[in-house]
Every structure is written in structure tokens, then in C-alpha cells.
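# Observations on chain architecture
One-letter residues, chain by chain:
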Amino acid sequence: MAPARVLAVMLLAIGCALAMATDGVVANAPAPAPAPTGWLKAHATFYGGADGSGTKGGACGYGNSWVYGTRTAALSSALFNNGESCGQCYKLTCDRNAAPLRCKPGVAVTITATNLCPPDFSRPSDNGGWCNPPRAHFEMAQPAWEKIGIYRTDIIPVLYQRVPCVRQGGVRFTIDGFNYFLLVLVSNVAASGSIKSMDVKSSDSTDWMPMLRNWGANWQSAEHLAGKMLSFRVTNTDGQTLVFKNVVPSNWKYGSTFASNLQFK
């Protein structure tokens, strides 16, 4: 082969290689930008309808009281932590670096964890199985999602951080159960938002009796406590302990909610 033809073939090969690299076939695509300091990356979808009414109830046990309104979300199991995250607050903003056309600029929303987004192992984690472990994912109430996302898609990349919860009024206790089974839902919890441990004491005793987490934000006792004034000793997940003395009167009924004058800080 003539020297001129050899040179031409070599130049052609180099040009093709450069073109392929430019198109991303040979060259590696740039790595996604890291999350800003103090923020973590996740994704968010929405559920519950435009008015958020379909988000009532859920795996935390808050029932239909809608105690936290529509600024709520179901957490993937990686975040839900078997219910220990119920009541916690997270600040979310849409990641415009990752998806500028799907994000509202310069806005953030703070939500309360009220539900579990269960895994769907029949679908890939990057195609429908958004809540499969170990993914961090928020299935947000639609009104909260629309604060940060543009309603042209059902999933957006987000940046999130855990933040202290701000509540109005004191911690609330909802009494349920029957006979020798007492079930207490703890809600409207500020600061950490979530509870680590809880004890109960009746008016005819000086002993604190430990309670067990039943599910979500519900705590149980197998003691016979009907017709007795009740006090609770509650420790949040930040380690702060408050004693709610005689917060439940002796004439309490199942299904009743009692608001205290104390709040975590």
C-alpha cells in the first residue's frame, strides 16, 4: 500500500474514533454531580389524588384523622426502618441538575413520613420498582409533590435532608384496643418527630410499665388499664424524654384523643 494511502487510512481511523468518543460510544459519560453538602439523592413519585385524600391511613397508623395534612409521603423500606421513621420530617427539592425540565426552580417542601411505599420485586428498581431496597424513595402526596415537580411526568429526582419537625400544640395520644390490650397512637410530635421508647403508668401505681411498638406510631401494653388515669413517659429518637403526667383521665373511652400541653424541642 502506498504511503499516502496508509496515512489516509490512519487519519480516517483516528477521525472515526474521535467521532465515536464525542457521541459517547467510546468515551465514558460524565458522572452525575454529587449532592450538595448536607443533602442526599433520591427520587419521588406521587399518589393520593390531586386533593391528597387518598393518602389517609397508611402503615404508620395515623388513620383517617389527616393529622399532618397533605404535606406527607410514604417512604421506601430503606427509609421507613420498620416504622421507626413514622412522624419524621424531610425537606425535599427537585434536582434541577439532573432533570431541569421536570423541576420547579428555587422551591422546597417539607413532608412528614406517614406511610410505607412497599417494594415491588416483580419490576426492576429503575423501571417501576422505585421503592425496592436499597433505593431511597418518597411516594409523596400529590399536592406536596406538585410544589417541587412539574406535572408532566410521574417521577422526579430529588435532593433531601432530615429536618426538625415543627408542630402546633402539644403531643397527642389516641387510645384504642380492648380489655387487657391498650393501643396508643402518638402523634403531633415535634423535633425528631419519631418515638424511640414509651412507658405507661396508671394512677393506682408508682411503677412505669414499658410499652412495645405494635406498628408504625402505635404502642401497646397488655396491662389492665381501663378506668384508670394514665401517664406516659416518652423518649424521642433524639434521646429527649418527656413525662406526660395524668394526660389521660380515668373516664377515657376507646377511640378518644387527648392533647397534652408538652412538646419536644
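Residues numbered from 1 in each chain as written. Predicted model: local features only at pLDDT ≥ 70, side-chain atom pairs only at ≥ 80, totals over all residues. Heavy atoms only, no water.

### What to know about the sheet that holds strand β6 (residues 156-163)
Within the closed barrel, the six strands sit side by side as β1-β5-β2-β4-β3-β6. Their pairing is mixed. Ignoring which end each strand starts from, the neighbouring axes of this sheet average 45 degrees apart. Across four bridges, the pairing between strand β3 (residues 89-94) and strand β4 (residues 109-117) is antiparallel. Bridging from a neighbouring strand, Y90 pairs with I111 of β4. (Pairing = 2+ DSSP bridges. Helix = DSSP H or I, 4+ residues; strand = E, 2+ residues; numbered from the N terminus. Axes fitted to C-alpha atoms, helices over the stretch in contact; angles between N-to-C directions.)

### What about the pattern of salt bridges?
Counted according to the given criterion, the structure contains three salt bridges. When the shortest N-O distance is used, the salt bridge between D95 and K41 registers 4.0 Å. Placement of D95 in the loop between β3 and β4 and of K41 in strand β1 (residues 40-47) is noted, with a sequence separation of 54 residues between them. Look at K41 and you get partly exposed, because its relative accessible area is 36%. In this structure, D204 engages K228 in a salt bridge whose closest nitrogen and oxygen atoms are separated by 3.3 Å. (Salt bridge = Lys/Arg side-chain N within 4 Å of Asp/Glu carboxyl O. Buried < 20%, exposed > 50% of the residue type's maximum accessible area, 1.4 Å probe, protein only.)

### What to know about the sheet that holds strand β9 (residues 195-202)
Strand order in this open sheet of four strands is β10-β9-β13-β14, and the pairing throughout is antiparallel. Whereas interior strands pair on both sides, the edge strands pair on one side only; in this sheet they are β10 (209-210) and β14 (241-248). Two strands pair when backbone bridges link them, and β9 and strand β13 (residues 230-236) are joined in this way by seven bridges, in the antiparallel orientation. Bridging from a neighbouring strand, M198 pairs with V234 of β13.

### Some details on the nonpolar core
Y90, L92, I111, F138, M140, I148 and Y160 are the most contacted members of the largest nonpolar core, which totals 29 residues. Mapped by element, the contributors of at least two residues to this core are β1, β2 (72-76), α2 (77-80), β3, β4, β5 (137-141), α3 (142-145) and β6. In this view, Y90 contacts L75, L79, S85, V109, T110, I111, A113, F138, Y160, Q161, R162 and V163; residues no more than four positions away in its chain are not counted. The next biggest cluster of nonpolar side chains, apart from the first, holds 25 residues, and it includes F173, V189, M209 and W219. (Core = buried A, V, L, I, M, F, W, Y, C linked by side-chain atoms within 4.5 Å. Contact = heavy atoms within 4.5 Å.)

### Description of the confidence of the model for the protein chain
Mean pLDDT over the protein chain: 89, with 88% of residues reaching 70 or higher. Every residue in residues 1-29 scores below 50 in pLDDT, and together they form five contacts with partners more than four places removed in sequence or on other chains. (pLDDT = per-residue confidence, 0-100.)

### Observations regarding the state of the cysteines
Inspection of the entire model under this criterion finds four disulfides. Here C60 pairs with C86 through a disulfide, and the sulfurs are 2.0 Å apart. As the torsion about the S-S bond is roughly -85 degrees, the C60-C86 disulfide counts as left-handed. Placement of the pair is C60 in the loop between β1 and β2 and C86 in the loop between α2 and β3, with a sequence separation of 26 residues. For C94, the disulfide goes to C103, at an S-S distance of 2.0 Å. Note on the C94 and C103 pair: the S-S dihedral is about -55 degrees, so by sign convention the disulfide is left-handed. When its relative accessible area of 5% is taken as the criterion, C94 is described as buried. For C103, a relative accessible area of 2% corresponds to the buried category. (Disulfide = S-S within 2.5 Å.)

### Side note on the pairing of β14
Summarising the sheet, β13 and β14 pair through five bridges and their orientation is antiparallel. Its bridge partner being in β14, V234 is matched across the sheet by L242. Hairpin geometry of β13 and β14 is characterised by an intervening segment of four residues between the two adjacent antiparallel strands and by a positive phi of about 95 degrees at G239.

### As for the side chain of S187
Residue placement: S187 occurs in strand β8 (residues 181-187). Judged by its relative accessible area of 5%, S187 falls in the buried class. In this view, S187 contacts Y62, V67, Y68, V171 and R172; residues no more than four positions away in its chain are not counted.

### Focus: unusual backbone geometry
With an omega dihedral of 5 degrees, the bond running from P133 to P134 counts as a cis peptide bond. For P134, the location among the structural elements is in the loop between β4 and β5. The phi dihedral of N246 is positive, around 50 degrees, even though this residue is not glycine. Structurally, the position occupied by N246 is in strand β14. The class for N246 is partly exposed, based on a relative accessible area of 36%.

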